[in-house]
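Letter by letter, the chains look like this.
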Amino acid sequence: MGTMESITERIIDALSQISEPQTGQPITLLKMIRDLKVEDKNIYFNIYIPGSDYPHKSALYELIHQVLGEKFEGMTPHVHFVNKSAYSDAPNLLLPQIGNFIAIASGKGGVGKSTVTANLAIALQSLGFKTGILDCDLYGPSMPTMLGIKGKKPEVREGGGQHKLVPIDAQGIPCISLGNIIEPEQAVVLRGPRLAAIIKQFFQDALWPPLDYLLIDLPPGTGDVQLTLVQTIPLTGVVMVTTPQEVAVIDAIKAANMFLMEQIAVPVLGVIENMSYFQPTDMPDRRYFLFGEGGGRRLVELTSSALLGKIPIIEKIRERADLGKVFAVSSDELYAEIYRSIAEKLNKRVAFRNTLMAPTKKVEQA
Ligand code: ADP
């Protein structure tokens with residue numbers, strides 16, 4: 001996705017402060033602002049509106065001109081309306097109620113990808129975004145444990161001869177996890193078509209509520225799950241999780257490269273460095289870099305993305321994950337603040353991505 005010009009960043013930031021009158025949601029989150037280009041003193045972009053009868057067209061036009069006029073004096077906005085729902089244009093016909101599909105990926109296991117997914121979902125929720133989790137990690141059936149929904153089975157609802165999975169509610173975060181559906185011993189041996197069928201079911205036969213973000217926890221590396229995913233839904237982007245070690249980065253870049261392949265073309269939204277350092281509570285001025293340093297930065301360079309944040313090694317993170325108490329985090333704790341900042345940055349990156357790049361296309365099966 002490349003590093004953005006700061007003027008472009010600032011314009012998207014300003015636009016993301018504007019709410020769509022009907023829904024109250026930021027216009028960038030709704031993917032209404034597209035194809036933004038800045039040339040000299042000119043700002044060009046398209047506004048996607050649901051149809052020619054959209055009642056807030058002129059209000060929106062005025063609001064946008066007012067905001068840009070105040071903040072970017074001397075620049076001229078050139079706005080073009082497109083009578084097409086932003087969602088119907090983003091070829092997400094399968095689950096139009098889900099705004100952004102974010103895959104959480106890593107090169108190898110044990111870097112804390114699932115823990116990051118759970119805590120990031122909680123942070124996004126605390127910022128007011130409707131967030132869900134789809135756990136497709138075959139190897140680490142930890143999500144149900146972490147979220148305190150271990151052993152629960154998703155309800156299956158029948159209607160019109162079809163069976164639909166109802167995501168399990170984890171304190172307001174709807175969740176579907178392989179771990180609630182299949183025994184761990186069975187999950188790890190799933191391959192090929194059977195695995196693909198299950199993953200597809202999680203989208204095609206599930207009753208997801210409207211969501212701003214669906215976080216998808218992937219197995220480490222590249223494999224059948226990743227492939228099925230890009231063939232089933234248009235991923236908004238991928239977030240890479242790595243530890244600071246060089247070896248973790250080497251594996252992570254391989255995983256990232258799969259998404260960046262021309263035929264797949266899913267952008268890397270950012271990198272989260274986990275287990276960055278250890279800071280003893282009795283000696284808060286000391287930092288121990290147990291897993292080395294610089295891995296996150298390195299991966300940012302290799303993927304030309306952005307560092308979303310660094311998470312230290314914190315006993316409470318591990319403890320709460322083990323005990324199914326991830327929701328017990330209080331907003332003034334250090335790691336809650338770090339996660340909130342990561343969630344804010346991610347939200348910005350998604351706004352940039354949706355404003356500057358065309359929607360991802362689902363990969364057609366050969
Ligand atoms: P992955 O999904 O990458 O395989 P997990 O999320 O299962 O990794 O994490 C591996 C282990 O590390 C878990 O026991 C988890 O609680 C712990 N862990 C993850 N991140 C942190 C952290 N920042 N501080 C302390 N423990 C962590």
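For the structure itself, consult the block above.
Rules used in this analysis
Residues numbered from 1 in each chain as written. Predicted model: local features only at pLDDT ≥ 70, side-chain atom pairs only at ≥ 80, totals over all residues. Heavy atoms only, no water. Helix = DSSP H or I, 4+ residues; strand = E, 2+ residues; numbered from the N terminus. Buried < 20%, exposed > 50% of the residue type's maximum accessible area, 1.4 Å probe, protein only. Contact = heavy atoms within 4.5 Å. Areas by Shrake-Rupley, 256 points an atom, 1.4 Å probe, with all protein chains shown as cover. Lys, Arg positive; Asp, Glu negative; His and termini not counted. Charge placed at Lys NZ, Arg CZ, Asp CG, Glu CD. Near = heavy atom within 4 Å. Nonpolar A, V, L, I, M, F, W, Y, C, P; charged D, E, K, R; others polar. Salt bridge = Lys/Arg side-chain N within 4 Å of Asp/Glu carboxyl O. Axes fitted to C-alpha atoms, helices over the stretch in contact; angles between N-to-C directions. Parallel < 35°, antiparallel > 145°, perpendicular 65-115°, else oblique. Left-handed = near helix turned anticlockwise from the far one by under 90°. Pairing = 2+ DSSP bridges. Disulfide = S-S within 2.5 Å.

1. Notes on the overall build of the protein
Along the protein, the regular secondary structure elements total 12 helices and 13 strands. With the C-alpha coordinates of the protein rotated into their principal frame, the extents come out at 60 × 60 × 40 Å. Among the 366 residues that make up the protein, the fraction classed as buried is 52%. Once local pairs closer than 6 in sequence are excluded, the contacts in the protein between residues at least 24 apart make up 75%. Carbon together with sulfur atoms contributes 51% to the accessible area of the protein, which is approximately 16,500 Å² in total. The protein carries 36 positive and 39 negative side-chain charges, and their two centres are separated by 2 Å.

2. Considerations on the site of the ligand
In the neighbourhood of the ligand, 17 residues make up the surrounding shell, with G110, G112, K113, S114 and T115 lying closest. Isolated, the ligand exposes 560 Å² of accessible area, and the fraction of that covered by the protein chains is 81%. For the shell around the ligand, the secondary-structure elements that each account for two or more residues are α4 (113-126), β12 (268-278), β13 (307-313) and α11 (315-323). Residue composition of the shell around the ligand, by class: 8 nonpolar, 7 polar and 2 charged.

3. Concerning the pattern of salt bridges
Following the criterion strictly, the structure yields 9 salt bridges and no others. E319 serves as the salt-bridge partner of K316, at 3.6 Å between the closest nitrogen and oxygen. In this pair, K316 and E319 are both assigned in helix α11, 3 residues apart and thus about one turn of the helix distant. On the basis of relative accessible area, K316 is assigned to the partly exposed category, the value being 38%.

4. Focus on the environment of F278
In this fold, F278 is placed in strand β12. Placed 38 residues apart in sequence, F278 and M240 show a C-alpha to C-alpha distance of 21 Å. In contact with F278, not counting residues within four places along its chain, are R286, R287, Y288, L290 and I313.

5. Thoughts on the packing of helix α9 (residues 246-260) against helix α10 (residues 295-303)
Contact geometry of α9 with α10 gives a least axis separation of 10 Å together with a crossing angle of 30°. The angle between α9 and α10 falls in the class roughly parallel. α10 is crossed by α9, and the crossing has right-handed handedness. For the pair formed by α9 and α10, the contact residues are V249, A252, I253 and A256 on the first element and G295, R298, L299, L302 and T303 on the second. Among the residues making up the contact of α9 with α10, the classes are represented as 6 nonpolar, 2 polar and 1 charged.

6. Focus on the sheet that holds strand β2 (residues 42-49)
Read from one edge to the other, the open sheet built from 3 strands follows the order β1-β2-β3, with strand pairing classed as mixed. Unpaired on one side and paired on the other, β1 (33-39) and β3 (76-83) mark the two borders of the sheet. Looking at each pair of strands side by side, their axes are set apart by 15° on average, direction ignored. Bridge analysis of β1 against β2 gives 5 bridges, and the strand direction is antiparallel. The residue bridging I33 from the neighbouring strand is I47, located in β2. Helix α1 (residues 6-15) rests against β1 and β2 of the sheet, and its axis sits at about 140° to β1.

7. Quick word on the state of the cysteines
Evaluated as defined, the whole model comprises 0 disulfides. The structure places no disulfide on C136, whose sulfur is separated from the nearest cysteine sulfur, that of C175, by 10 Å. Residue C136 is classed as buried on the basis of its relative accessible area, which comes to 0%.

8. Re the sheet that holds β12
With mixed pairing, the 8 strands of this open sheet are ordered in space as β8-β9-β5-β10-β4-β11-β12-β13. Bordering the open sheet on either side are β8 (168-170) and β13, each of which pairs with just one other strand. Within the sheet, the average angular offset between the axes of one strand and its neighbour, ignoring direction, is 25°. The pairing of β8 with strand β9 (residues 173-177) spans 3 bridges and is classified as antiparallel. Paired with I168 across the two strands is C175, which belongs to β9. This element, α10, spans β11 (237-242), β12 and β13 of the sheet and lies at about 165° to β12.

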